[in-house]
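Structural characterization, general
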Amino acid sequence: MRLPRIFAFFATVMMLSFGKTAAQEMYLGGFTIEDAPSFHGKTMELSVSFHADCIENTYAKYAVTATKGGTPTLWQSFPVVPVFSKKIMIPCDIFEDGIIKCYAYNPNLEILSIDSLTYNVDFVEFPSFVPKVDLPKYPCSMKYLPELDGVGDLKILFSRKEKNVVLSDEKNNILTRPLTMLLRGYCDGQYVENQSSEWKKKSFEKTDDSVFTVFENENEFSSTRMKMTFFKENPDVRIELETEFKKDVKIERLAMMLPFRYGEFEVFDDYMRVVKDSLREGEYYLDQEGFSLKINEKQLNFYHPDELSSTQLDARNRLVFLNLDYEKDYPFVHFPFDDDTSDYFVDKSMREVKKGDVVKASFVLSVTQPVDLPRIMPVWDGFESSIIFTEHADWTDIRTHRAVCFGSEDVSCADSAVGGFAYYDIPVTKSVFYCNPDSVRNVVKNSEFPDFHSTITTDSLLFDFLKQLKNKGFDICLHTPEQYTTTASNLSEALAFMKENFGSPSWIDHGYNNSSENNRENIVCDGLDKSSPYYICNLWRKNGVKYPWNAAYEELKPFDNYLFDNHLQRPYPFFSDAFPKPRVMRLPDEPDFLLWSTEYTTEPGDSWNYYFNKERLMKVVESRSVLILHTYPAWVETFRGFWDMENGKAVAKPDFNQALERIAKLREEKLMLPTTIDKYMFYQEQLQNIEYHYDNDGNVVLKNNNPDVVKGFSLISKSEMEIENKDFETRISKGEHIIFFDLNPREELKIKRVEMKDVR
């Protein structure tokens, strides 16, 4: 079969129709689409329709395939029906620099006709998560502040008449429209929006090494104090914001807007990619990452803000949103108590501030010579990605525990494992129940397991098993103390026991819902309510718990429409950079706790070699992601897919073992790190205390403000990096350089830039 070939160099939308083809051929009704620059960085929507004359229950399929450099990157097929119509999203990583072929596949050589085949190619418009705003106008008259002489290349200009503040370069060329505060939310039950670019100059002071000026922005809901500090020894400008509220407000978004006039953005997205936005002109949720902006012969830098809720970039409008608070940075739900209700929750993502409350933020901008910014990797020791299995303790038995961790229920010693997590040295964050006061038995799930479900106080074999796993690097935490709502005394006892014996800072909610028996101590039930007897945060603090699970994504399901080809990540990371999905999150009212999340329950069943094949695991690597999985490996029913019965014995499924073997191989290649919540979240907490700024030569200066060593601290850059007086290891990743080293407490060091070399 010869496929019609379509070249898409200029059009963003294509439509073609073909006449009738009929044959007893294996392939027919086909066409080819070749890549072109107009497709780069965009997700394609391919629509195919035709009329088919075929036998009933035909074996014929219509296939959509993609190859890149001769390597298959996609193969999807759909049953041929008399009236066929399909829309398929094809992300940029699948198609860019590749070829798509579509055709009817007729393996039984049936008599098949394809008539009026039509296809259409368009670009997918993903939802926008930045508000539509009125960009402030340029002020008519601006005044240079002579007090800023000698303190770097980034300046400010101020208009007393229009009360505007803009950024400029050292020659007073205006870089931005007026800096603007934006508030959106609810006050007295009414939706409110306020956008203000009027500032009053309040003070100006000099010290031996810096100069700072203070401005104030007022509106009917709040007052924002902006302190801008200019340093004499480095090019940084530190901007500190404090917003005090005059009324009670539910905050949808509180942000400072930076509307740039011109320049070419280079974006450092949350998947550790460097994006030349001239190819996309898109929207980006940057979390705690950043961007640079080419301005004449210089470069404006913004990276690793130490005290911002998040950053978003609307590159089409050259507009940056520096979020002091944004509802999608900490999605959260609450299941109110109601014995007559089930599966009812309230979206509590919006922060509720009272009159007099203050929201603070800070960030650094600098102008330097053009430089490649080293980016901080989310995983340590030079690894490119990570996978974390988190286990929920429901309906388990020591036999199934041993099967999934040691390979067989007959193996009682971790060092003798024949399969499972321990055999492949893949640690798990494994939650457990402490006790079983209600005498819950597994027989209600599987008659082959008639005994009590596994808890520490009812099964001495389980306790010994867990101690072995802890010695193997597993993270052993509570899945709440028991099957149903606990008591204050039991909660205190369980947490104290876990602290003494396992010392985990992790916690996984269990059994949340609305009734009185639904573990009211959960954070999505009453655990965060200070007026409730089930308030849990003080006990967490006392017993070293810092990293609770946040189930909000599993309930809100914001990404379920953005899956691709059954890949493990939601949303698929190569669809769009706009989706707001923070790596970790803090609740505003309980900032001592750093939350992590999962998007769905992972139940591969008999399909481990499909869902966890090498190609899907490599997509996690390619996107430099951290994949956290919500699993039930030891559940006493086999449908979860981790174990099976063999000659009356519970054993790890062979294809589960094969998937673990693939992950272990990726670890050997330093591509994917299997780790646990306690280690991953501790590293994320440490990263929040890393100071990142520049010297006058454009070198990056790092300071570890943690009391502990940051082990395996990892940076990635397009160009080579050197560190003064410091040993480090290095490796290459897709033409970029990764270096990693230990960063000692309070240590400060300089990352020197080296001229870029081609390492392909």
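For every chain, the first residue of its written sequence is number 1, and the numbers climb from 1 along that sequence. This being a predicted model, a pLDDT of at least 70 is required before a residue's local features are given, and a value of 80 or more before pairs of side-chain atoms are given or counted; all residues contribute to the totals for chains, interfaces and linings. As a convention, hydrogens and water are excluded, and side-chain values are obtained from all of the structure's heavy atoms.

Some points on the overall build of the protein
Under the convention used in this document: Here a helix means four or more residues in a row that DSSP labels H or I, a strand means two or more in a row labelled E, and each is numbered from the N terminus. Note that the radius of gyration is over C-alpha atoms, with the globule rule given as 2.2 Å times the number of residues to the power 0.38. Classification of residues uses two cut-offs on accessible area relative to the type maximum, computed with a 1.4 Å probe and protein chains only: under 20% is buried, over 50% is exposed, and between them is partly exposed. Contacts are residue-level and defined by heavy atoms, with any inter-residue pair within 4.5 Å sufficient. Positive charges come from Lys and Arg alone, negative charges from Asp and Glu alone, with His and the N- and C-terminal ends not counted. In plain terms, the charge of a residue is placed at NZ if it is Lys, CZ if Arg, CG if Asp and CD if Glu.
Secondary structure summary: the protein contains 11 helices and 50 strands in total. By the compact-globule yardstick of 27 Å for 760 residues, the protein fits well, its C-alpha radius of gyration being 28 Å. The dimensions of the protein, computed from C-alpha atoms along their principal axes, are 85 × 75 × 60 Å. Considering the protein as a whole, with its 760 residues, one finds that 59% of them fall into the buried category. Excluding contacts between residues fewer than 6 apart, the proportion of contacts in the protein whose partners are at least 24 apart in sequence is 71%. For the protein, the centre of its 89 positive side-chain charges and the centre of its 120 negative side-chain charges are spaced 5 Å apart.

Here we look at the side chain of Asn 613
The condition that has to hold: By the criterion applied in these results, polar contacts are pairs of N or O atoms within 3.5 Å in which, for protein atoms, one can donate a hydrogen and the other can accept it, and in which residues neighboring in sequence qualify only through two side-chain atoms.
On the secondary structure map, Asn 613 appears in the loop between helix H8 (608-611) and helix H9 (614-622). In terms of polar contacts, Asn 613 uses its side chain to reach the backbone carbonyl oxygen of Tyr 610, at 3.2 Å. From its side chain, Asn 613 meets the backbone nitrogen of Arg 616 in a polar contact 2.8 Å long.

A few points about the confidence of the model for the protein
For any part of a model where pLDDT is low, the fine detail of the predicted coordinates should not be relied upon. Heads up, the condition is: What pLDDT conveys is the predictor's confidence in a given residue, as a value from 0 to 100.
Mean pLDDT for the protein: 92, with 95% of residues reaching 70 or above. Every residue in residues 1-17 scores below 50 in pLDDT, and together they form 53 contacts with partners more than four places removed in sequence or on other chains. The model gives residues 755-760 a pLDDT under 50, and that stretch makes 9 contacts with residues more than four places away or in other chains.

Quick word on the packing of helix H2 (residues 398-406) against helix H4 (residues 460-471)
As a reminder of what qualifies: Working convention: axes come from line fits to C-alpha atoms, limited for helices to the stretch in contact. Angles between N-to-C directions cover 0 to 180 degrees. The cut-offs work like this: below 35 degrees is roughly parallel, past 145 is roughly antiparallel, 65 to 115 is roughly perpendicular, and the gaps in between are oblique. Rotating anticlockwise by less than a right angle from the far helix to the near helix defines a left-handed crossing, while the corresponding clockwise rotation defines a right-handed one.
Axis separation between H2 and H4 bottoms out at 10 Å; the angle between their running directions is 20 degrees. With respect to H4, the element H2 is oriented roughly parallel. In this structure, the crossing between H2 and H4 has a hand that is left-handed. Of the residues in H4, those touching H2 at Ile 398, His 401, Arg 402, Cys 405 and Phe 406 are Leu 461, Leu 462, Phe 465, Gln 468 and Leu 469.

Description of the packing of H9 against helix H10 (residues 654-668)
Angle between the axes and distance between the axes are the two parameters that describe a pair of packed helices. Here is the rule we go by: We call Asp, Glu, Lys and Arg charged. Ala, Val, Leu, Ile, Met, Phe, Trp, Tyr, Cys and Pro are nonpolar, and the rest, Gly among them, are polar.
Closest axis-to-axis distance for the H9/H10 pair is 11 Å, and the angle between their directions is 40 degrees. The orientation of H9 with respect to H10, classified from their angle, is oblique. Crossing of H9 over H10 shows right-handed handedness. In this structure, H9 contributes Lys 614, Leu 617 and Met 618 to the contact, and H10 contributes Arg 662, Ile 663 and Leu 666. Classifying every residue of the contact of H9 with H10 gives 4 nonpolar, no polar and 2 charged.

Concerning the pairing of strand S12 (residues 155-159)
Stated formally: At least two bridges found by DSSP between two strands are what make those strands a pair.
Most of S12 sits out of view: 5 of its 5 residues are buried. Across the two faces of S12 the burial is the same, with Lys 155, Leu 157 and Ser 159 and Ile 156 and Phe 158 all buried. Where strand S11 (residues 143-144) meets S12, 2 bridges bridge the pair, whose relative direction is antiparallel. If you follow Lys 143 over to S12, its bridge partner there is Phe 158.

A look at a negative patch on the surface
Cut-off, in case you're wondering: Patch membership requires over 30% relative accessible area and the absence of a salt bridge. Like charges are linked within 9 Å, and nonpolar side chains (Val, Leu, Ile, Met, Phe, Trp, Tyr) within 5 Å. Accessibility throughout is a Shrake-Rupley quantity obtained with a 1.4 Å probe, and a residue counts as covered only by protein chains that appear here. Salt bridge criterion: a side-chain nitrogen from Lys or Arg within 4 Å of a carboxyl oxygen from Asp or Glu.
A contiguous patch of negative charge on the surface is contributed by Asp 188, Glu 242, Glu 244, Asp 248, Glu 307, Asp 357 and Asp 589. Secondary-structure assignment places Glu 244 in strand S19 (residues 236-245). Given a relative accessible area of 43%, Glu 244 falls into the partly exposed group.

Focus: the pattern of salt bridges
Following the criterion strictly, the structure yields 34 salt bridges and no others. Its salt-bridge partner being Glu 590, residue Arg 541 comes within 2.6 Å of it at the nearest N-O pair. Of this pair, Arg 541 sits in helix H6 (residues 537-542) while Glu 590 is found in strand S39 (residues 590-597), placing the two residues 49 residues apart along the sequence. The partly exposed category is assigned to Arg 541, whose relative accessible area is 34%. Arg 624 is paired through a salt bridge with Glu 736; the nearest N and O atoms lie 3.0 Å apart. Of this pair, Arg 624 sits in the loop between H9 and strand S40 (626-631) while Glu 736 sits in strand S49 (residues 736-743); the two residues are 112 residues apart in sequence, bridging distant segments of the chain. Assigned by exposure class, Arg 624 and Glu 736 land together as buried.

As for unusual backbone geometry
Note the cis peptide between Arg 570 and Pro 571, where omega equals -10 degrees. Mapping Pro 571 onto the fold places it in the loop between helix H7 (552-556) and strand S38 (585-587). Although it is not a glycine, Met 272 sits at a positive phi angle of roughly 60 degrees. Mapped onto the elements of the fold, Met 272 is located in the loop between strand S21 (264-268) and strand S22 (274-276). Judged by its relative accessible area of 0%, Met 272 falls in the buried class. A positive phi is found at Lys 670, a non-glycine position, where the angle reads about 60 degrees. Note that Lys 670 resides in the loop between H10 and strand S43 (672-674). By relative accessible area, which is 23% here, Lys 670 ends up partly exposed.

Overview of the environment of Glu 218
Locating Glu 218 in the fold gives a position in strand S17 (residues 210-218). Here the alpha-carbon distance between Glu 218 and Thr 487, two residues 269 residues apart in the chain, equals 48 Å. Those residues in contact with Glu 218 that sit more than four places away from it in its chain are Ser 196, Ser 223 and Lys 246. At 3.2 Å, the side chain of Glu 218 forms a polar contact with the side chain of Ser 223. Polar side-chain contacts of Glu 218 include one of 2.6 Å to the side chain of Lys 246.

Focus on the sheet that holds strand S25 (residues 298-302)
Taken together, 9 strands build an open sheet; the order of strands is S16-S17-S18-S19-S31-S25-S24-S21-S22 and the sheet is antiparallel. With partners counted over all chains shown, the strands left at the sheet margins are strand S16 (200-206) and S22, one partner each. On average, each strand axis in the sheet is tilted by 20 degrees relative to the strand beside it, whichever way the strands run. Summarising the sheet, S19 and strand S31 (residues 358-368) pair through 9 bridges and their orientation is antiparallel. What sits directly across from Ile 239, in S31, is Phe 363.

Here we look at the nonpolar core
Definition in use: For our purposes a nonpolar core is just a set of buried Ala, Val, Leu, Ile, Met, Phe, Trp, Tyr and Cys residues, chained together by side-chain atoms within 4.5 Å.
The biggest cluster of nonpolar side chains holds 167 residues, and the ones touching the most others in it are Leu 46, Tyr 62, Ile 90, Phe 389, Phe 421 and Phe 713. Per element, the largest residue contribution to this core is 6 residues, and it comes from strand S10 (residues 112-123). Ignoring anything within four residues of it in the chain, the contact list for Phe 389 reads Phe 421, Ile 426, Val 428, Thr 429, Phe 612, Leu 629, Thr 631, Leu 660, Ile 663 and Thr 675. Core analysis: the second largest hydrophobic core is formed by 53 residues, Val 165, Leu 258, Leu 286 and Val 359 among them.

Brief notes about helix H11 (residues 677-687)
When you tally the buried positions in H11, you get 9 out of 11 residues, the bulk of the element. What H11 keeps buried is the set Ile 677, Asp 678, Tyr 680, Met 681, Tyr 683, Gln 684, Glu 685, Gln 686 and Leu 687.

Let's talk about the pairing of strand S5 (residues 44-53)
In this structure, S5 lies alongside strand S8 (residues 83-90), joined through 8 bridges in antiparallel fashion. Considered in S8, the bridge of Ser 47 is made with Lys 87. As paired elements, S5 and S10 share 9 bridges and run antiparallel to each other. Paired with His 51 across the strands is Asp 115, a residue of S10.

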